[in-house]
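Given next are the chains, with one letter for each unit.
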Amino acid sequence: MKIFAPGSTIGIIGGGQLGRMLAIAAAQLGYRSHIYSPEPSGPAADVSPLWTQGEYDDRPALEAFAANIHVATYEFENVDADPLEVLAALVPLHPPLAALRIAQDRIAEKTFAANQGARTAAWAAVDSREDLDAAIAAIGTPAILKTTRFGYDGKGQARLASPEDADGAYESIGRSPAILEAMVTFDHEFSVIVARGQDGISTIWDAPENVHIDGILATSTVPPHVDILLQLEEAKAIATRIADALDYVGVMAVEFFASAEGPVFNEMAPRVHNSGHWTIEGAVASQFENHIRAVCGLPLGDTTLVTPHVVMQNLIGSDAARWPELFAQSGAHVHLYGKHDAPPGRKMGHVTRLSHEPVDQQEG
């Protein structure tokens, strides 16, 4: 266990909105942030004093970056783990690269989750068009074809209502290696967000119920539906076992479907997560604060709710243009990420509302 005192510099791989909110949490605790990203700027640039532009596979640039930080972390999982070995050899890097590698490959991810006792949807590997036919014969339809690597927010996925959709689905994912996953019958989606320190002690926030639209998270609500609450202890145990098996350090999100059979593992994210943004105002310590605490070897903060009801609503695309209206709403905690272009489907910000009574998710 290595403790980094306030005043130390935390290197963050990636300069998007998650890096931005990590840097804000770090500054509150007295740490400096240094962003490493291929882009010359980004949402995290507004709040981080240091920025290094470099490709994620540029080993000399990563070595130079390591010379200017004390400890490192990453804000997203769509970066090749192999070059980060250079960084991990020079400074402590959390979460562990093993978690990154597993989360980047759906086959490895589902196999690992099943080994920790998680219930998964039926699935089959697809490495060719012939494999897809065989998978359809084994899994059936409806089903979802997902690339094994680098898919998020509905990208790299295609739905098959019948076997006749196979050609179009395979072409739509670029004939990439994939898995065919049986459609899960469920009523609700939720996530378990766990923080685990260098000492192996973990803590979990209240689980949000998540609603997705077009594959993108729309809202996260706490407390969740009672059907989720009935499955929560099993889901929490699975998430904790996953974190322990990885000797994880930092914040991790594990997403589940609430089905008639119990919680069905969907996927894991080895980082702070969109469905945990509500914790900034809704919990004593946010997911971002606890990630910084864990990375720096500090005791984890209290994850208790500060109010009985919380709703986080993502601002997607042109939603951010409603900022005058949102700023005028009493009790609306508005976060805009400083992005300049707002194409459809892009996460531009979020707004969180706290209440002693259930919050209207459609407000605003």
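First things first, this report covers the structure right here in the doc. (Residues numbered from 1 in each chain as written. Predicted model: local features only at pLDDT ≥ 70, side-chain atom pairs only at ≥ 80, totals over all residues. Heavy atoms only, no water.)

1. Things to note about a negative patch on the surface
A surface patch of like charges, here negative, comprises Glu 39, Glu 55, Asp 57 and Asp 80. Inspection of the secondary structure assignment puts Glu 55 in the loop between strand S3 (50-53) and helix H2 (59-66). (Patch = residues over 30% accessible without salt bridge, like charges linked within 9 Å, V, L, I, M, F, W, Y side chains within 5 Å. Areas by Shrake-Rupley, 256 points an atom, 1.4 Å probe, with all protein chains shown as cover. Salt bridge = Lys/Arg side-chain N within 4 Å of Asp/Glu carboxyl O. Lys, Arg positive; Asp, Glu negative; His and termini not counted. Charge placed at Lys NZ, Arg CZ, Asp CG, Glu CD. Helix = DSSP H or I, 4+ residues; strand = E, 2+ residues; numbered from the N terminus.)

2. Details of unusual backbone geometry
That bond from His 94 to Pro 95 is cis: its omega, -5°, falls within 30 degrees of zero. Following the sequence through the fold, Pro 95 ends up in the loop between helix H3 (81-90) and helix H4 (97-104). Cis geometry marks the peptide bond from Val 222 to Pro 223; its omega dihedral reads 0°. With respect to the helices and strands, the residue Pro 223 is situated in the loop between strand S13 (216-222) and helix H8 (226-229). One non-glycine residue, Asp 214, lies in positive phi territory at about 55°. By the secondary structure assignment, Asp 214 is in the loop between strand S12 (209-213) and S13. Look at Asp 214 and you get exposed, because its relative accessible area is 73%. Even without being glycine, Asp 247 reaches a positive phi, approximately 50°. (Buried < 20%, exposed > 50% of the residue type's maximum accessible area, 1.4 Å probe, protein only.)

Any functional reading would require information that these geometric values do not contain.
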